[in-house]
Structures are given as C-alpha cells and as structure tokens.
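Examination of the molecular architecture
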Amino acid sequence: AQTVTQSQPEMSVQEAETVTLSCTYDTSENNYYLFWYKQPPSRQMILVIRQEAYKQQNATENRFSVNFQKAAKSFSLKISDSQLGDTAMYFCAFKDSNSGYALNFGKGTSLLVTP
Amino acid sequence: NAGVMQNPRHLVRRRGQEARLRCSPMKGHSHVYWYRQLPEEGLKFMVYLQKENIIDESGMPKERFSAEFPKEGPSILRIQQVVRGDSAAYFCASWDPGTGPYNEQFFGPGTRLTVL
C-alpha cells in the first residue's frame, strides 16, 4: 500500500522568509502523480502545485516550488517570500493507477506565518 | 461556472440516526470521490463513483456506510446508525477522467458531521 509521510506536524516562518515542508512517500510504481494541497481555516482544499513522476524538472508555481527526488521518494514544498495568507494546513498527496487515481494524503503540516 | 457543491455544510445527528450527505460535481464531471477527514488527520479515501456505478469502495467501512451516484441528481453518501466516531469532515471531489490523471480533482467545501 502506498503511504505518504509528513514528518513536520507544525512549522513557523516569518513573513517574507522561505520555508520548506517535507514529504516522503512509498510506492512500487514507476509512474505516479504528486500534489501539495493547502487547507486554510475555511477547510476548502486548494491545489498548490503538482508533479508527474516521469518529469525530472521540478514544478514551480509563482512563490511555490518543489524539490522532487524520485530515487529518494521525496517531494518537498518550498514557499518563498512567505505571506500571512499562507498560514494553513498543507497536505502532500499521491496517486497512481493502482488506487483508481484516488488521492492518498499525508497527515499534514500546520504552517504559521508570523509578522 | 459553479464548482463542486456539498450540502449540508454542517450536520448534527444523534447516535443511531441516519446522515445523508450530498455532492453535486462540477458541470460535465461524471466521476466523484468521497474522502473523510478525522480531526487532526489528512483526508482518507472512501469511495470512487461514476454515474450509476461504484468503481472502487475499498475505503468504505463495511457496515453502515453506502454511496450512490444516480443518473440524475447528486451523489449521496449515507451513514446509517451513526456513532460518535463518525464525527468528521466529509469531502467530495469531482474529476473528469478524460483529462488524464495529472489533472486535479476539484474539491467541495465539505460537510462537517457532528454526532452527539
């Protein structure tokens, strides 16, 4: 079974600084898809960034980027120039064909951005 | 261009009652997933449906839980004889498989179920 591990339950960063959230996963598949979702206090799940396993180039979306290390099965999220609105729970997620493309989520990292 | 809709947003039930949660996918989407989020946890997959068909229900508890997605109308997640442990946020996500697995599932705002 695929598992997703987020080893940092809570993190804090000052506004304008950079923070990295870690995620590791376990799979025997060669092709799969990785995602980071943000869940603010409203509980709405918002897609932040995604990565296909067969693409070596790390995905980037504005202030958000990933460091995808396929051999190490690692998929960390870097948030640059942190903003107060980035305060939220962040979930790493994985899916592949074995799961019917259902998302398999980690337990999340609670990020607090302070002034 | 309405997004995924779920209702009710909040549902309170007493132990032993039935809970019925509804999900209307995005226009043009014929596949939905249901996920459950227990307090302080990530979302857990429950069931994957397309219209009139259950594709994968491997994440559903064996008893008291059922799901359907009729040809017309919303997808419904039904929990019979609720217990306190069913208290959670239930999310549905809709997806168009024709767009490929890389494309995102669009989440609804969730239904928070509280069992007294």
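Report on the accompanying structure. What you see is a predicted model; the values in this text were computed from it and never measured.

**A few points about the packing of aromatic side chains**
Taken as a whole and judged by the stated rule, the model has 20 aromatic pairs over all chains. For the pair A:Phe105 and B:Phe107, a centre-to-centre distance of 6.3 Å together with 70° between the ring planes defines the contact as edge-to-face. Within this pair, whereas A:Phe105 is found in strand S11 (residues 104-105), its partner B:Phe107 is found in strand S10 (residues 106-107), the two belonging to separate chains. Residue A:Phe105 is classed as buried on the basis of its relative accessible area of 3%. Ring centres of B:Tyr48 and B:Trp95 lie 6.4 Å apart, and the angle between their planes is 45°; this geometry places the pair in the tilted category.

**Let's talk about the sheet that holds strand S3 (residues 19-24) of chain B**
Residue and element names in this part refer to chain B. A sheet is described by the order of its strands in space; here four strands give the open sequence S1-S3-S8-S7, paired in antiparallel fashion. The sheet is open, and its two edges are formed by strand S1 (5-7) and strand S7 (65-68), each paired on a single side. Across the sheet, the axes of successive neighbouring strands diverge by a mean angle of 15°, strand direction being ignored. Summarising the sheet, S7 and strand S8 (residues 75-79) pair through four bridges and their orientation is antiparallel. Each residue of the ladder has a partner; that of Ala67, found in S8, is Leu77.

**Description of the layout of surface pockets**
Here the largest pocket defines a volume of roughly 440 Å³. Residue lining of the largest pocket: 20 residues in total, with A:Met89, A:Phe91, A:Ser110, B:Glu40 and B:Glu41 positioned closest to the centre. Elements represented by at least two residues in the lining of the largest pocket include exactly strand S10 (88-95) and strand S12 (109-114) of chain A.

**Topic: the interface of chain A and chain B**
Facing the 22 residues of chain A at the interface are 22 residues of chain B. Between chain A and chain B the total buried area reaches about 2,000 Å² when both faces are included, carbon and sulfur atoms providing 52% of it. Sorting the residues of chain A by area buried against chain B places A:Arg43, A:Arg50 and A:Phe105 first, and these three jointly supply 28% of that buried surface. Counting across the chain A and chain B interface gives one salt bridge. In this structure, A:Lys107 and B:Glu41 form a salt bridge, with 3.9 Å as the shortest nitrogen-oxygen distance. At the boundary of chain A and chain B, one finds six residue pairs in polar contact (both at pLDDT 80 or more). If you list the elements that add at least two residues to the side of chain A that touches chain B, you get strand S5 (33-39), strand S6 (46-52) and S10 of chain A. In the side of chain A that touches chain B, the residues fall into ten nonpolar, seven polar and five charged.

**Brief notes about the pairing of strand S6 (residues 53-56) of chain B**
All names here are of chain B. Pairing between strand S5 (residues 43-50) and S6: three bridges, direction antiparallel. Paired with Leu49 across the two strands is Ile54, which belongs to S6. The antiparallel pairing of S5 with S6 creates a hairpin that spans two residues between the two strands, and Glu52 there sits at a positive phi of about 65°.

**Regarding unusual backbone geometry**
Looking along the chain, the bond that leaves B:Asn7 and enters B:Pro8 is cis, with omega of -5°. Among the structural elements, B:Pro8 can be located in the loop between S1 and strand S2 (10-13). Unlike most non-glycine residues, A:Asn62 shows phi in positive territory, near 55°. The residue A:Asn62 is located in the loop between strand S7 (60-61) and strand S8 (64-69) in this model. Here A:Asp81, not a glycine, exhibits a phi torsion of approximately 50°, which is positive. Looking at the element boundaries, A:Asp81 is found in the loop between strand S9 (74-79) and S10.

What counts, and where the lines are drawn
Residues numbered from 1 in each chain as written. Chains lettered and ligands numbered in written order. Predicted model: local features only at pLDDT ≥ 70, side-chain atom pairs only at ≥ 80, totals over all residues. Heavy atoms only, no water. Phe/Tyr/Trp six-rings, centres within 6.5 Å; stacked < 30°, edge-to-face > 60°. Helix = DSSP H or I, 4+ residues; strand = E, 2+ residues; numbered from the N terminus. Buried < 20%, exposed > 50% of the residue type's maximum accessible area, 1.4 Å probe, protein only. Pairing = 2+ DSSP bridges. Axes fitted to C-alpha atoms, helices over the stretch in contact; angles between N-to-C directions. 1 Å grid on protein atoms, 1.4 Å probe; cavity = no way out; pocket = protein on both sides within 12 Å on 5 of 7 lines; lining within 4 Å. Points joined across faces, edges and corners; volume = space filled by probe spheres on them. Contact = heavy atoms within 4.5 Å. Buried area = accessible area lost by both parts, 1.4 Å probe. Salt bridge = Lys/Arg side-chain N within 4 Å of Asp/Glu carboxyl O. Polar contact = N/O pair within 3.5 Å; in protein donor to acceptor, adjacent residues only side chain to side chain. Nonpolar A, V, L, I, M, F, W, Y, C, P; charged D, E, K, R; others polar.

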